[in-house]
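Coordinate inspection notes
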Amino acid sequence: MSVTVIRKVLAAVFAGLALTLLSAAPAAARADKLKLTVAGDGAEGVTIQATYADGRRLDRVVRLVLTATGPDGQKVGPVQLEPQPEGQGFYSSGKLLTAGTWKVTVNSPAPLPGKATATVQARAAQSPPAPKPVAVNEPTDGGGGAGAGWWPFAAAGLVLVAGAMGVAMLFGRRRTDTPND
């Protein structure tokens, strides 16, 4: 092989390597950032859904730090959030805020930086209404015992079916016993 052929082969290899590295760099840069979606949990907490900036699901645990400013200048945080079992990339603060409107900021430090701010309306936790008391001797289904009303009808139906079959067998047998003249 001549020196020029070797130089051309090496130049092609280096060009291919450079193109590979340059095309992978934007993808790696996108994968190194997080998209954080912050929302209230309907009570006194905050939920966060973390995904990669390109929309892929988060495949590892990241460190998220929450700070919040509430009514009358109240401050909460910084609080480190832990991942929850409800889903991949799902984080929740638990009961953290008091009732009112809060400005919540969630940060993710390097190596996967991300930041999101949202306004969250915190409400006092609601308890279910007390059950209505039920009298012990008051029937709840309008009849006697639970399901006791259908047995007599089922028994009567079985008796009627058995009687009809007996009559059919009796008349069927008489016809075959009659001689044909």
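Quick summary incoming for the structure in this document. (Residues numbered from 1 in each chain as written. Predicted model: local features only at pLDDT ≥ 70, side-chain atom pairs only at ≥ 80, totals over all residues. Heavy atoms only, no water.)

1. Things to note about the overall build of the chain
Across its full length, the chain holds two helices and seven strands. Reading the chain from its N end, one meets helices and strands in the order α-β-β-β-β-β-β-β-α. By residue count, 21% of the 181 residues in the chain fall in the buried class. Here the analysis covers contacts within the chain between residues at least 6 apart in sequence; of these, 54% occur between residues at least 24 apart. Accessible surface, the chain: about 13200 Å² in total, of which carbon and sulfur atoms supply 63%. (Helix = DSSP H or I, 4+ residues; strand = E, 2+ residues; numbered from the N terminus. Buried < 20%, exposed > 50% of the residue type's maximum accessible area, 1.4 Å probe, protein only. Contact = heavy atoms within 4.5 Å. Areas by Shrake-Rupley, 256 points an atom, 1.4 Å probe, with all protein chains shown as cover.)

2. Some thoughts on the environment of Val46
Assignment of secondary structure puts Val46 in strand β2 (residues 46-52). Each C-alpha atom, one on Val46 and one on Leu96, is 7.9 Å from the other, the two residues being 50 residues apart in sequence. Excluding its chain neighbours within four sequence positions, the residues that come into contact with Val46 are Val38, Ala39, Asp41, Leu66, Tyr91, Ser92, Ser93, Gly94, Leu97 and Val104.

3. Focus on the packing of aromatic side chains
A complete count under the given rule lists one aromatic pair for this structure. Seen from their ring centres, Trp150 and Trp151 are 4.3 Å apart, and the 25 degrees between their planes marks the pair as stacked. The class of Trp150 is partly exposed, set by a relative accessible area of 47%. On the basis of relative accessibility, which here comes to 53%, the residue Trp151 falls in the exposed class. Cation over ring: Arg56 sits above Tyr52, and NZ or CZ is 4.4 Å from the ring centre. (Phe/Tyr/Trp six-rings, centres within 6.5 Å; stacked < 30°, edge-to-face > 60°. Lys NZ or Arg CZ within 6 Å of the ring centre and 35° of its normal.)

4. What to know about the environment of Val61
Tracing the backbone through its elements, the reader meets Val61 in the loop between β2 and β3 (64-69). On a C-alpha basis, the gap between Val61 and Gln88 in space is 8.7 Å, while along the polypeptide they are 27 residues apart. Val61 has contacts with Pro83 and Tyr91, leaving out every residue within four places of it along the chain.

5. What to know about the pattern of salt bridges
Taken as a whole, this structure holds two salt bridges when the rule is applied. The partner of Glu44 in a salt bridge is Lys95, and the shortest N-O contact between them spans 3.5 Å. Of the two residues, Glu44 is situated in the loop between β1 (34-40) and β2 and Lys95 in the loop between β5 (90-92) and β6 (100-108); the sequence distance between them amounts to 51 residues. We classify Lys95 as exposed; its relative accessible area is 71%. Of the charged contacts in the structure, one is a salt bridge between Arg56 and Asp54, with a shortest N-O distance of 3.0 Å. What makes Arg56 partly exposed here is its relative accessible area of 39%. (Salt bridge = Lys/Arg side-chain N within 4 Å of Asp/Glu carboxyl O.)

6. Side note on the pairing of strand β4 (residues 75-83)
Looking down a regular strand, the side chains alternate between one sheet face and the other. Pairing of β3 with β4 involves five bridges; the strand directions are antiparallel. Of the residues in β4, the one forming a bridge with Leu66 is Val79. Hairpin geometry of β3 and β4 is characterised by an intervening segment of five residues between the two adjacent antiparallel strands and by a positive phi of about 60 degrees at Asp72. Strand direction decides the pairing type here: β4 and β5, joined by two bridges, are antiparallel. Bridging from a neighbouring strand, Pro83 pairs with Tyr91 of β5. The turn linking β4 back onto β5 is made up of six residues, and Gly89 within it adopts a positive phi angle of 80 degrees. (Pairing = 2+ DSSP bridges.)

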